[in-house]
Protein chains: 4
Amino acid sequence: MVAPATILLSPTSAQVYGQYSNVRTLTEKLCQPLEIEDYGIQSMADVSPPKWHLAHTTWFFETFILMSYLPGYQVFHPQFGYLFNSYYEAMGERHPRAERGLLSRPTVAEVYAYRAHVDQAMAQLLDQADCQQWQKLEPLIILGIHHEQQHQELLLMDIKHIFATNPLRPIYHDQITTSQQQAPEQQWLDYPEGIYQLGEHTSEFSFDNERPRHRIFLEPYRLASRLVTNAEYLAFMRAGGYHTPEYWLAEGWFVAQQASWHAPLYWEQDGHNWQVMTLAGMQPLHLDQPVCHISYYEADAYARWAEKRLPTEAEWEAAFTLMPLTGNLLESGRLHPAVAQGAGLTQGFGDVWEWTQSAYTAYPGYRPDPGALGEYNGKFMCNQFVLRGGSCVTSASHLRPSYRNFFPPAARWQFSGLRLADTGS
Amino acid sequence: MVAPATILLSPTSAQVYGQYSNVRTLTEKLCQPLEIEDYGIQSMADVSPPKWHLAHTTWFFETFILMSYLPGYQVFHPQFGYLFNSYYEAMGERHPRAERGLLSRPTVAEVYAYRAHVDQAMAQLLDQADCQQWQKLEPLIILGIHHEQQHQELLLMDIKHIFATNPLRPIYHDQITTSQQQAPEQQWLDYPEGIYQLGEHTSEFSFDNERPRHRIFLEPYRLASRLVTNAEYLAFMRAGGYHTPEYWLAEGWFVAQQASWHAPLYWEQDGHNWQVMTLAGMQPLHLDQPVCHISYYEADAYARWAEKRLPTEAEWEAAFTLMPLTGNLLESGRLHPAVAQGAGLTQGFGDVWEWTQSAYTAYPGYRPDPGALGEYNGKFMCNQFVLRGGSCVTSASHLRPSYRNFFPPAARWQFSGLRLADTGS
Amino acid sequence: MVAPATILLSPTSAQVYGQYSNVRTLTEKLCQPLEIEDYGIQSMADVSPPKWHLAHTTWFFETFILMSYLPGYQVFHPQFGYLFNSYYEAMGERHPRAERGLLSRPTVAEVYAYRAHVDQAMAQLLDQADCQQWQKLEPLIILGIHHEQQHQELLLMDIKHIFATNPLRPIYHDQITTSQQQAPEQQWLDYPEGIYQLGEHTSEFSFDNERPRHRIFLEPYRLASRLVTNAEYLAFMRAGGYHTPEYWLAEGWFVAQQASWHAPLYWEQDGHNWQVMTLAGMQPLHLDQPVCHISYYEADAYARWAEKRLPTEAEWEAAFTLMPLTGNLLESGRLHPAVAQGAGLTQGFGDVWEWTQSAYTAYPGYRPDPGALGEYNGKFMCNQFVLRGGSCVTSASHLRPSYRNFFPPAARWQFSGLRLADTGS
Amino acid sequence: MVAPATILLSPTSAQVYGQYSNVRTLTEKLCQPLEIEDYGIQSMADVSPPKWHLAHTTWFFETFILMSYLPGYQVFHPQFGYLFNSYYEAMGERHPRAERGLLSRPTVAEVYAYRAHVDQAMAQLLDQADCQQWQKLEPLIILGIHHEQQHQELLLMDIKHIFATNPLRPIYHDQITTSQQQAPEQQWLDYPEGIYQLGEHTSEFSFDNERPRHRIFLEPYRLASRLVTNAEYLAFMRAGGYHTPEYWLAEGWFVAQQASWHAPLYWEQDGHNWQVMTLAGMQPLHLDQPVCHISYYEADAYARWAEKRLPTEAEWEAAFTLMPLTGNLLESGRLHPAVAQGAGLTQGFGDVWEWTQSAYTAYPGYRPDPGALGEYNGKFMCNQFVLRGGSCVTSASHLRPSYRNFFPPAARWQFSGLRLADTGS
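What you are looking at is a predicted structure, and each value in this text was computed from that prediction instead of being measured.

### Description of the relation of the copies chain A and chain D
1) Next: Each copy superposes on the other: chain A lies on chain D with an RMSD of 0.0 Å after a rotation of 180° and an axial shift of 0.0 Å. Taken together, the rotation and translation describe the operation of a two-fold axis.
2) Next: Looking at the interface residues of chain A, 100% of them are also at the interface in chain D, so both copies use one shared face.

### Thoughts on the pairing of strand β7 (residues 281-284) of chain D
Residues and elements named next belong to chain D.
1) Next: Where strand β6 (residues 273-278) meets β7, four bridges bridge the pair, whose relative direction is antiparallel. Bridge pairing links Thr278 to Gly281 in β7.
2) Next: The antiparallel pairing of β6 with β7 creates a hairpin that spans two residues between the two strands.

### Remarks on empty space enclosed by the protein
All names here are of chain B.
1) Next: Here the structure, examined in full by the defined rule, presents 16 cavities of 30 Å³ or more.
2) Next: Here the largest cavity is characterised by a volume of approximately 150 Å³.
3) Next: Around the largest cavity sit 20 residues that line it, and Asn230, Trp267, Val276, Cys292 and His336 are the ones nearest its centre.
4) Next: Among the secondary structure elements, those contributing two or more residues to the lining of the largest cavity are β6 (273-278) and β7 (281-284).
5) Next: Here the lining of the largest cavity gets three residues from one element, more than from any other, and that element is β6.
6) Next: For the lining of the largest cavity, the class distribution of residues is ten nonpolar, nine polar and one charged.

### With respect to the pairing of strand β11 (residues 385-388) of chain C
Residue and element names in this part refer to chain C.
1) Next: Side-chain alternation along β11 places Phe385 and Leu387 on one buried face and Val386 and Arg388 on a second face that is also buried.
2) Next: Note that strand β10 (residues 353-359) and β11 share three bridges and pair antiparallel. What sits directly across from Glu354, in β11, is Arg388.

### Some details on the sheet that holds strand β4 (residues 221-224) of chain A
Residues and elements named next belong to chain A.
1) Next: The antiparallel open sheet is built from three strands, whose spatial order is β1-β4-β14. Only two strands of the sheet have a single neighbouring strand rather than two, namely β1 (188-191) and β14 (421-423). Neighbour to neighbour, the strand axes of the sheet diverge by 25° on average, direction disregarded.
2) Next: Summarising the sheet, β1 and β4 pair through four bridges and their orientation is antiparallel. Looking at β4, one finds that Asp190 is bridged to Arg222.
3) Next: Sitting on the sheet, helix α9 (residues 313-320) touches β1, β4 and β14, and the angle it makes with β4 is about 75°.

### Details of the arrangement of the chains
1) Next: Contact between chain A and chain C is absent, and the least distance between their C-alpha atoms amounts to 14 Å.
2) Next: The smallest C-alpha distance separating chain B from chain D is 14 Å, and no contact links them.

### Focus: the sheet that holds strand β10 (residues 353-359) of chain B
All names here are of chain B.
1) Next: Spatially, β12-β11-β10-β13 is the arrangement adopted by the four strands of the open sheet, whose pairing is mixed. Of all strands in the sheet, those with a lone pairing partner are β12 (405-407) and β13 (416-417), marking the two edges.
2) Next: Summarising the sheet, strand β11 (residues 385-388) and β12 pair through three bridges and their orientation is antiparallel. Bridge pairing links Leu387 to Asn405 in β12.

### What about the environment of C:Leu234?
Residue and element names in this part refer to chain C.
1) Next: The topology assignment puts Leu234 in helix α6 (residues 230-238).
2) Next: Distance from Leu234 to Phe80, taken between C-alpha atoms, is 47 Å for residues 154 residues apart in sequence.
3) Next: Apart from the residues lying within four places of it in its own chain, the contact partners of Leu234 are Trp267, Trp274, Leu285 and Leu287.

### Observations regarding the interface of chain A and chain D
1) Next: Tallying the contact residues gives 36 residues for chain A and 36 residues for chain D.
2) Next: Of the roughly 2,800 Å² buried at the junction of chain A and chain D (both faces included), carbon and sulfur atoms supply 51%.
3) Next: For the chain A face of the interface with chain D, the top three residues by lost area are A:Arg215, A:Phe217 and A:Asn383, together amounting to 21%.
4) Next: Residue A:Asp422 pairs with D:Arg367 through a salt bridge whose shortest N-O separation is 3.9 Å.
5) Next: Applying the counting rule to chain A against chain D returns eight residue pairs in polar contact (both at pLDDT 80 or more).
6) Next: At the level of secondary structure, the elements contributing two or more residues to the side of chain A that touches chain D comprise β3 (214-218), α7 (250-258), α8 (296-305), β10 (353-359) and β14 of chain A.

### Things to note about the relation of the copies chain C and chain D
Both copies of the chain are tied together by a single rotation about an axis and a shift running along it.
1) Next: Mapping chain C onto chain D calls for a screw motion: a turn of 180° about the axis and a shift of 0.0 Å along it, with 0.0 Å RMSD after fitting.
2) Next: The residues that chain C uses at the interface reappear at the interface of chain D in 100% of cases, marking a shared surface.

### Things to note about the environment of C:Gln42
Residue and element names in this part refer to chain C.
1) Next: One can find Gln42 in the loop between α1 (13-30) and α2 (50-69).
2) Next: When the C-alpha atoms of Gln42 and Gly101 are compared, they prove to be 4.6 Å apart, with 59 residues separating the residues in sequence.
3) Next: From its side chain, Gln42 meets the backbone oxygen of Ala45 in a polar contact 3.4 Å long.
4) Next: A polar atom in the side chain of Gln42 sits 3.0 Å from the backbone nitrogen of Arg100.

### Here we look at the interface of chain C and chain D
1) Next: The interface is formed by 30 residues belonging to chain C together with 30 residues belonging to chain D.
2) Next: Taken over both partners, the interface formed by chain C and chain D buries close to 2,400 Å², and the fraction arising from carbon and sulfur atoms is 62%.
3) Next: The largest contributions to the chain C side of the interface with chain D come from C:Glu37, C:Arg105 and C:Leu168, which together make up 28% of the buried area.
4) Next: In this structure, C:Arg105 and D:Asp38 form a salt bridge, with 2.5 Å as the shortest nitrogen-oxygen distance.
5) Next: The interface formed by chain C and chain D includes ten residue pairs in polar contact (both at pLDDT 80 or more).
6) Next: Among the elements of the structure, α3 (80-84), α4 (108-128) and α5 (131-165) of chain C are those that each provide at least two residues to the side of chain C that touches chain D.
7) Next: Considering each element in turn, the side of chain C that touches chain D owes the most residues, three residues, to α5(C).
8) Next: When the residues that make up the side of chain C that touches chain D are grouped by side-chain class, the tally is 15 nonpolar, ten polar and five charged.

### Side note on the nonpolar core
Residues and elements named next belong to chain A.
1) Next: Judged by nonpolar contacts, the single largest core of 127 residues is most densely connected at Met122, Ile141, Tyr172, Met237, Trp267, Trp355 and Leu418.
2) Next: The element contributing the most residues to this core is helix α5 (residues 131-165), with 14 residues.
3) Next: Excluding anything up to four places from it in sequence, Met122 contacts Tyr20, Phe61, Ile65, Leu66 and Ile141.

### As for α5(A)
Residues and elements named next belong to chain A.
1) Next: Between the first and last C-alpha of α5 there are 50 Å, a value that for 35 residues agrees with the 51 Å anticipated at 1.5 Å per step.
2) Next: In the structure, α5 departs most strongly from a straight axis at Leu137, where the bend amounts to approximately 35° and where the proline Pro139 lies between one and four residues downstream.
3) Next: For α5, the buried fraction is high: 27 of the 35 residues fall into the buried class.
4) Next: Measuring from the backbone nitrogen of Gln132 back to the side-chain oxygen at the start of α5 gives 3.2 Å, which picks out Asp130 as the cap.

### Some thoughts on the confidence of the model for chain A
Atomic detail in the predicted coordinates should be set aside for any region of low pLDDT.
Residue and element names in this part refer to chain A.
1) Next: Per-residue pLDDT for chain A has a mean of 94; in total, 96% of the residues score no lower than 70.
2) Next: Ignoring residues within four places in sequence, the model shows residues 1-9, a span with pLDDT below 50, making 14 contacts including any to other chains.
3) Next: Scoring the predicted complex yields pTM 0.95 and, for the interface, ipTM 0.94.

### Things to note about the packing of aromatic side chains
1) Next: The final tally for this structure, using the stated rule, is 162 aromatic pairs over all chains.
2) Next: When the ring of D:Phe407 is compared with that of D:Trp413, the centres are 5.6 Å apart and the planes differ by 80°; the resulting orientation is edge-to-face.
3) Next: Accessibility expressed as a relative area gives 6% for D:Trp413, which makes it buried.
4) Next: Over the ring of B:Trp52 we find B:Arg100; its NZ or CZ atom is 3.6 Å from the centre of that ring.

### A short note on helix α4 (residues 108-128) of chain D
Residues and elements named next belong to chain D.
1) Next: Along its 21 residues, α4 runs 31 Å from first to last C-alpha, staying within 8% of the 30 Å computed at 1.5 Å per residue.
2) Next: Among the residues of α4, Val108, Val111, Tyr114, Arg115, Val118, Asp119, Ala121, Met122, Leu125 and Leu126 are the ones counted as buried.
3) Next: Among the structural elements, α1 (13-30), α2 (50-69), α3 (80-84) and α5 (131-165) are those in contact with the buried residues of α4.

### Here's the deal with the packing of α4(C) against α5(C)
All names here are of chain C.
1) Next: Running from N to C, α4 and α5 point in directions that differ by 150°, and their axes come no closer than 11 Å. Judged by the angle between their axes, α4 and α5 are roughly antiparallel. Both α4 and α5 take part in a crossing whose hand is left-handed. Touching Arg115, Met122, Leu125, Leu126 and Gln128 of α4 are Gln133, Trp134, Leu137, Ile141 and Glu148, all from α5.
2) Next: Each residue belonging to the contact of α4 with α5 can be placed in one class, and the counts come to six nonpolar, two polar and two charged.

Parameters and conventions
Residues numbered from 1 in each chain as written. Chains lettered and ligands numbered in written order. Predicted model: local features only at pLDDT ≥ 70, side-chain atom pairs only at ≥ 80, totals over all residues. Heavy atoms only, no water. Least-squares fit on C-alpha atoms with pLDDT ≥ 70 in both. Contact = heavy atoms within 4.5 Å. Pairing = 2+ DSSP bridges. Helix = DSSP H or I, 4+ residues; strand = E, 2+ residues; numbered from the N terminus. 1 Å grid on protein atoms, 1.4 Å probe; cavity = no way out; pocket = protein on both sides within 12 Å on 5 of 7 lines; lining within 4 Å. Points joined across faces, edges and corners; volume = space filled by probe spheres on them. Nonpolar A, V, L, I, M, F, W, Y, C, P; charged D, E, K, R; others polar. Buried < 20%, exposed > 50% of the residue type's maximum accessible area, 1.4 Å probe, protein only. Axes fitted to C-alpha atoms, helices over the stretch in contact; angles between N-to-C directions. Buried area = accessible area lost by both parts, 1.4 Å probe. Salt bridge = Lys/Arg side-chain N within 4 Å of Asp/Glu carboxyl O. Polar contact = N/O pair within 3.5 Å; in protein donor to acceptor, adjacent residues only side chain to side chain. Core = buried A, V, L, I, M, F, W, Y, C linked by side-chain atoms within 4.5 Å. Expected span 1.5 Å × (residues − 1). Bend = angle between axes of the 7 residues up to and from the residue. pLDDT = per-residue confidence, 0-100. Phe/Tyr/Trp six-rings, centres within 6.5 Å; stacked < 30°, edge-to-face > 60°. Lys NZ or Arg CZ within 6 Å of the ring centre and 35° of its normal. Parallel < 35°, antiparallel > 145°, perpendicular 65-115°, else oblique. Left-handed = near helix turned anticlockwise from the far one by under 90°.

As structure tokens, this is what we get:
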């Protein structure tokens, strides 16, 4: 949460409610292609059923805002706090994460009723809040909005996984994801040594883990102009990438052997060709699109094979901090990475989250937000790596150059790929 | 399958179709109280989603009858053979059993359409079958009917487990399951030593595992007149039954410790009282009803504590083979065990399946049915125990005195209880 | 324990002490080929380190005899009761079974000192026991002797497993195990229907699970004249035995796939030939020797492939009860199965334990021995199968026709094979 | 490996052989208190049996030096390459790590013979090496020496774990580890912001992961003058540290619950007092000694409870880089952390390894050593945290201010503790 510098700069209550309303509506719109049966599936422990996302984001507003700030608010159901708390220890016992797919009740209709109940109460709260209350409420509501945007991305990741798990390979939307475009040659862009500033510093919203802004020293470095493509990744595969332990971290090699990884997630070999599962169903692999759905281990092994390395998150942010925040994001409706276009540094925002070699840890001087919301980010600073830049399922309004996404190194169901880096001169 | 002694005794095609039709209709009727969301849940590996039962029983008729005997029959969907084969290795690869709950598609509506498609084809087949075909078809259809009746029982067991897993404890039906009745005192009934006949021998239907009829010698024995009640089982619990390894099989003690068993499945302590989950929702424990949802280990431990033993399946069958097949069965609509009534040997049929101390094994001279259907029973003759007598969720028309049900000793989600036995004189 | 019919028939104290002394000496002699390092290894959870067997058998005499009957007896070490209790819940907490190989202390020398301490006390006890005491002591001592004989067999099984686990494949003894002998053709021997007596009935020693003697009815049956040979088992393997689920119990097929079984335990393919690990090190497979180190699942699959079945334990005992107890037993010093010789029913005793299709369960009227020793057999009557006839590592003086050995169906490290049975006429 | 700047500065061959010989002798001296039985135990997967350490360090010299550089060298045993390769994929297949405790052979005597064989060949090689060969050999030998020193520390860690696992709690040495000393009050020492140099830069030996020397920017910070004591850690425990999820990383909380952690490793409650297992056996907890055998999760939770944080490795190195390398190290023979003494920044070297909040990752410009030895460090740069400063079981000659030790966050069997850090001003 950010405390606005002065109340004058603050968006009015109506503007915030507009944002709230748009984001809440978008979540439901993203679920429109689903059958009732799809809402309940948890295809692996990391995945949550779509119904759970719909309810949990609602619980967030109910718990952290309505229950504290709307006098006389009645919770929709006394057990929803147990069912839809994700990981907030301060909020008490929770339904086990791995058992979210075992709950046929509440029904989908009841969850939508829960959303309507909370939306109505939120409207009432915003309508009656005075200026003093507003100072407390605004940052919480904006956090709740960003929280729901994170779950919009998870929703699409999870639906893709749910559909890919089903031998019938259902189709979420019928967008054509292929094109005849070709990716430009990869160029190297040089960045000089120096003291850089890292982290968020404006009065705009940011998560606590992006703060405080602080200084770091970077040795000279170089970044690739675009993301690694499927064609390039196939070359790694054909060079024996998945059979050569020298390219791999010891732990990555172990995981890859255990799980029999031979290609990125969602790739399926069909004779001599590769097909990939997309939100538009099974599609032929497009060679010029960025490689997607790879783990940190695979990104790192690819880089080692290419005799390069992954960038650090500081290198990434220093390069992209002043670039315009445009790209193949959720708004394009494509929901699939696109071929790079243009010269210079491209594909920084959208397409795929870029693995960095930076472990997810606290910035110097980091303090978690106070109270239960301090559990939002800080307690995950262990055994995860930072990814930067957003993906084709990230909202533009949710992203910033300082945005730190993070996943364990074995995770592959997020839209993740890589950009190469190298030591500069 | 049984080859009818003479065609004259055989039911006519119309009679068989009547049975077929009744059973198929009953399956769907049992699902009427479900929400669409309920159809997809697999609350543990042993449970199958209701949708899967609906489809699998249909696949059975499609695969073993229509595809072989109805010329020009078109399978409803080319992948349903993969999705809805349960365990027939001879029929090829199958969807992994533990992942039945991960399939949102086919939808519930599609599964009902599958049922209608197969029912229509079955009607057509029976309509056009000549006398020669009928001799082959009849035993297969009757097997399919009994197969579907087994799944009706599984359906109710699984719905109970699915609902009990949900913290909201949904209600399947609103039948009142409690009463003020008292169980009569337990009496001992004596049976003399001798050579008895075991197994099925009439021209009526029986499973291959009930055959051939053969001779066994029994030493003199005694059976309790009724099932063990909740009150009696509570006495065992209060005597430290769950904390005294001396009463337990070594393996049972290990399982009970690992799983933290302190009471039968579905019992929940509420202060000093016990509540039990039923198909009518949470209910106070009725002390005079038979104890239900116990494992073999618990039944055996109870018997050891009581200084008695479980009957063998031969002892059970010898005692009940000439008793009238009446009791608290599925037709009562109660779906819960009832208090014993009357004198003499009671509660043999219905209420709860009775654990016997007999391992599930082949009768002398046993031969599995030929072909893929030989996998129906024979390949499970290992590490399972026989239960006898049916339960409150078993159809009367599905049961016989020679009927051998079987479960692994740790299973508790079936409606299982016990009757004591002792050495006679 | 058996209560001797009359005291007149009882062996004198000196005779019993002679037996005691012989058995105790033999245990240590069996360990002579071991290096100190070999004494501590637990190569899988089922295996116990040789040092543990030496100590546990000693603990048995200390705990069940000396501590109760020798006034002023001082236990050798206060923690040995914790370390060397196997599974007697009544005797208190125990060191976890799977962690027996983690104990470097007590050292081997200390364990031998423990044995000497107990042997001396036992000599003292027997020396001073009067006639009345003797009536109590004798059955306990004889049980302890048989207990130690069981552990002699386990010792050799475990040493074989320990050595086979080591890539250096150490040699236990240099006995030549191969020969040029050929097995005679398998014949079928017929046994008539009738009421037979099963179980032990003499005043000689027997375990509680062999009692009481009781009547059973057998339908007519046939037994093969000799054990199944390696050549015959290879034919099953070459016919795709390990790749054809139709031959297997469902659970056996699952286990075989999980564990990648493609041959009996200890078989290793060397180009086109098979080598087997023996107590004399790696040896070429002898085709005419009985197949050994197979699980129940494999024995059952073989029998199904051969269109025969395994015998029941009653069928086995009825056939062998009056045969002379001779064969390739521990006394031969061979420690490996030998080629069948002669006509008629052969190889009943020694060579390999014969899997029966009988689940290990209580005989009618069975009562466990009283007190802690009641845990000896009864609590394992679940998910195990009976094996009959002893093996090449069983002492002749330990065996009887009524002897019931038992193992879970997946166990293969015991010297186990099979004899075919069939329905008679 | 480091290429010495000029050959003139290089130690002579005799000096290096002196170091080699001293280190090899010390390894064997550290094993003197062991019984033969102790050499073979692997008390958890992370632990290696002492025998394995003796052989593996020998294999290192045989494989990377003798086989390449000593003409006509005969390997001691053809299978030792398989048995004693730790994790070098480039050197081929290996015995599974978790099964090192299952090998009774080679015997301890054979392993000592292996050491003597390799030592003799090393002496021969050094004797005959000319100046040109020496340039290649010297860095390999020095690496081998440091490698063996690392295993000396592992040997003591592992012996402690092996002895602590044994209910008899054996004693390794009889050094008195307690004293009446009191720890001084903790002071805060301030360090200014600025660009610092990190990593090794002299011609002395360093591991590849300490290089290259590079610049980093540090914001102002503070370090505690001494390590956290047992008394301070007990205060955390008494404040509910092990029961309050707010202090813990999410993953740490999960691990602590799963493993039922309620105190550091080796602490045992004895009524109201605490005992700790040491290499001198069970001892009363000394309140003023540094807390030891805690995981990263516990160190981090303690720091959060204390409203401070762990230092980064850069902060640690910047503070200690010019301090004299003295402290309670292996040479003291104490083998247990000691009470802090004196003013200013103390306990930097020796006592316990200090957890830093820095994930173990590559320095900018890092290149692994070429060939198989490139697997030494680089492939572990994932899901581990850096520890600094050595411990009471680290050799002084093995340590440097730039030395980076690393362990996964759940590891506790190393001698690890913590020093608090804070943001400066």
